Amino acid sequence: MEENIIFNIDVMLAKRKMSVTELSQRVGITISNISILKNGKAKAIKISTLAKLCEALDCQPGDILEYRPGD
Amino acid sequence: MSQRSLSNRLKLIIIGVGVCGIFFYSYLLPFAAMFFESENVYPSTWFVFFLVSAVPCYAVLVYAYMIARNIGADRSFSEENARFLRRISTLAAVDAAYVFVGSSVFFCIDSPELLPIALVVIIVFIGVSVSVAAVALSHLVSKAARLQDEQNLTI
C-alpha cells in the first residue's frame, strides 16, 4: 500500500478489546499478514479482505485507513 | 512431480552432463582433433582451442546447478535465478563468439575439409541458441519474480 496509506488496526483493536490473534481468525488471514498490513509493507489489499476487516472490527474503511502525504 | 524431486532430477542431469563432458574432453576430443589436422595447424592446437571453450560450458553448468537448487528451495521465480540466466546467456554468447572467431582464424591459415566447418557451425549455432533462450528466460523469470512478490504482499 506504499508508505502513504497507513493501517490503524491497533486503534480499532484497542477500542473493540480484541487481540491480533482473534482478528486474524475472524478475518481468515495469518497474523504475519496482519503485521504486513500494520507495518505498511503490503502492496495491495483485496476488497473482500478490507470488508472482512471492517466486519470483524465493526467499523468503516475510513476508520482503519489513513492517508499521509509523502515527504 | 514435486519441486524437490524436479530439483533433484535436474541436479542429477547436470552432474551427468558434466561427467559426460569430462569423458568427451579427455577421451573423444583428442580423436576429434585429428579431423582438424592440416599442414599448418597441429591437432594439438585444435585440442587446446576446444579445451579452453569448455570453461564457459562448465560455468554454465554451475549456474544451472544453482538454479536447480533454488527451484528445490521454492525460489523458482527470483531475481537471483534471473541473474543466473543472464550470466548463462553471456557465457554461451562468449563461447560461441570464441569458437567462431578462433575457428575462422584457423580456417584462414589453412583451408579445412567440410566436416570441421560443419562441426564449428553446429557448435556456434547451439551456443547462440542457448544464449538467446537464456536471456528470454531471464526476462520472463524476472517478471514472474516481481509478480510473485506483489502477490505475496497482497493481503
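In this text, all values refer to a predicted model and were calculated from it rather than measured experimentally.

> Requested: an account of the overall build of chain A, with residues and values cited.
Summing up its helical and strand segments, chain A has 5 helices and 2 strands in all. In sequence order, the secondary structure elements of chain A are arranged as β-α-α-α-α-α-β. With the C-alpha coordinates aligned to their principal axes, the bounding extent of chain A is approximately 35 × 20 × 20 Å. When the 71 residues of chain A are sorted by exposure, 32% land in the buried category. A separation threshold of at least 6 residues defines the contact pool for chain A, and within that pool the share at least 24 residues apart is 62%. For chain A, the accessible area works out to roughly 4,500 Å², and carbon and sulfur atoms hold 50% of it. Distance between charge centres in chain A, computed from 10 positive and 9 negative side chains, equals 5 Å.

> Break down the overall build of chain B for me, with residues and values.
Each helix and strand in chain B was counted, giving 4 helices and 0 strands. For chain B, the α and β elements follow one another from N to C terminus as α-α-α-α. Taking 15 Å as the expected radius of gyration for a compact globule of 155 residues, we find that chain B reaches 19 Å, considerably beyond that expectation. For chain B, the C-alpha atoms occupy an extent of roughly 70 × 25 × 20 Å along the three principal directions. Considering chain B as a whole, with its 155 residues, one finds that 35% of them fall into the buried category. Of the contacts made within chain B by residues no fewer than 6 positions apart, 77% connect residues no fewer than 24 positions apart. A total of about 9,500 Å² of accessible surface is found on chain B, and carbon and sulfur atoms cover 71% of it. Where the 10 positive side-chain charges of chain B centre and where its 10 negative ones centre are 18 Å apart.

> Run through the pattern of salt bridges, naming residues and quoting values.
All names here are of chain A. One pass over the structure, following the stated rule, counts 3 salt bridges over all chains. A salt bridge links Lys 38 to Asp 10; the nearest nitrogen and oxygen atoms lie 3.0 Å apart. Taken together, the residues span a long stretch of sequence, with Lys 38 in helix α3 (residues 31-38) and Asp 10 in helix α1 (residues 9-16) at a distance of 28 residues. Judged by relative accessible area, Lys 38 falls into the partly exposed class, the value being 31%.

> Now, about the interface of chain A and chain B: what can you tell me, with residues and values included?
The partner chain B presents 5 residues to the 11 residues of chain A that form the contact. Carbon and sulfur atoms supply 71% of the area that chain A and chain B bury against each other, a total of about 680 Å² over both sides. Summed over the shared surface of chain A and chain B, the number is 0 salt bridges. Inspection of the chain A/chain B interface yields 5 residue pairs in polar contact (both at pLDDT 80 or more). Counting residues per element, the side of chain A that touches chain B draws most heavily on α3(A), at 3 residues. The residue makeup of the side of chain A that touches chain B, split by class, is 6 nonpolar, 2 polar and 3 charged.

> Tell me about α3(A), and please be specific about residues and values.
Think of an α-helix as 3.6 residues a turn; residues three or four steps apart then line up on the same face. All names here are of chain A. Within the sequence span of α3, burial applies to Ile 34, Ile 36 and Leu 37. All buried residues of α3 fall inside an arc of 155 degrees around its axis, so they share one side. Next to the buried residues of α3 lie β1 (5-7), α1, α2 (20-27) and α4 (47-57). A positive phi of about 75 degrees marks Gly 40, the residue just after α3.

Basis of the calculations
- Residues numbered from 1 in each chain as written.
- Chains lettered and ligands numbered in written order.
- Predicted model: local features only at pLDDT ≥ 70, side-chain atom pairs only at ≥ 80, totals over all residues.
- Heavy atoms only, no water.
- Helix = DSSP H or I, 4+ residues; strand = E, 2+ residues; numbered from the N terminus.
- Buried < 20%, exposed > 50% of the residue type's maximum accessible area, 1.4 Å probe, protein only.
- Contact = heavy atoms within 4.5 Å.
- Areas by Shrake-Rupley, 256 points an atom, 1.4 Å probe, with all protein chains shown as cover.
- Lys, Arg positive; Asp, Glu negative; His and termini not counted.
- Charge placed at Lys NZ, Arg CZ, Asp CG, Glu CD.
- Rg over C-alpha atoms; globule rule 2.2 N^0.38 Å.
- Salt bridge = Lys/Arg side-chain N within 4 Å of Asp/Glu carboxyl O.
- Buried area = accessible area lost by both parts, 1.4 Å probe.
- Polar contact = N/O pair within 3.5 Å; in protein donor to acceptor, adjacent residues only side chain to side chain.
- Nonpolar A, V, L, I, M, F, W, Y, C, P; charged D, E, K, R; others polar.
- Arc of directions from axis to C-beta.

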